[in-house]
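Residues per chain are reported as follows:
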Amino acid sequence: DGYKHFNPEGTIDRAQIVTLLWKYEGSKEIDFETTFVDVEEGLWYTDAIKWAQKNGVVEGIDSTHFNPTGIVVKQDVAALFYNYFVERKQ
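A brief report on the enclosed structure follows. (Residues numbered from 1 in each chain as written. Predicted model: local features only at pLDDT ≥ 70, side-chain atom pairs only at ≥ 80, totals over all residues. Heavy atoms only, no water.)

To continue, consider helix α3 (residues 74-87). Compared with the 20 Å implied by 1.5 Å per residue over 14 residues, the 18 Å span of α3 between its first and last C-alpha is a close match. Those residues of α3 that fall on the buried side of the exposure criterion are Leu80, Asn83 and Tyr84. Along the axis of α3, the buried positions cluster into a sector of 90°, meaning they face one direction only. Away from the buried face of α3 by more than 90 degrees, exposed residues Lys74 and Gln75 are located. Where α3 is buried, its residues touch α1 (14-24) and α2 (46-54). (Helix = DSSP H or I, 4+ residues; strand = E, 2+ residues; numbered from the N terminus. Expected span 1.5 Å × (residues − 1). Buried < 20%, exposed > 50% of the residue type's maximum accessible area, 1.4 Å probe, protein only. Arc of directions from axis to C-beta. Contact = heavy atoms within 4.5 Å.)

In structure tokens, the structure reads:
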């Protein structure tokens, strides 16, 4: 199901971190077609990624791929939080 138990020494993937922010926003339903061909409909993270792309919170690893299972590194978190807390609010 994609959810893991809390593990402060573990890793988090791109789908999980976007889902955390989407849930923080209230898990709003979104009417948006993602351009990411690797984000299938009906998965636990689909709406979260659609929300994040539509609202400028995330970019893909290229114009057509999100890489949901890609591990997030510190630089990714910095960019994601900047986009969420600064860019999106302007």
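The biggest cluster of nonpolar side chains holds 19 residues, and the ones touching the most others in it are Val18, Ile49, Trp51, Val57, Val58, Phe66 and Leu80. Every element with two or more residues in this core is listed here: α1, α2 and α3. For this core, the leading source of residues is α1, giving five residues. Residues in contact with phenylalanine 66, not counting those within four places in the same chain, are Arg14, Ala15, Val18, Phe36, Asp38, Val39, Ile49, Val58, Glu59, Gly60 and Ile61. (Core = buried A, V, L, I, M, F, W, Y, C linked by side-chain atoms within 4.5 Å.)

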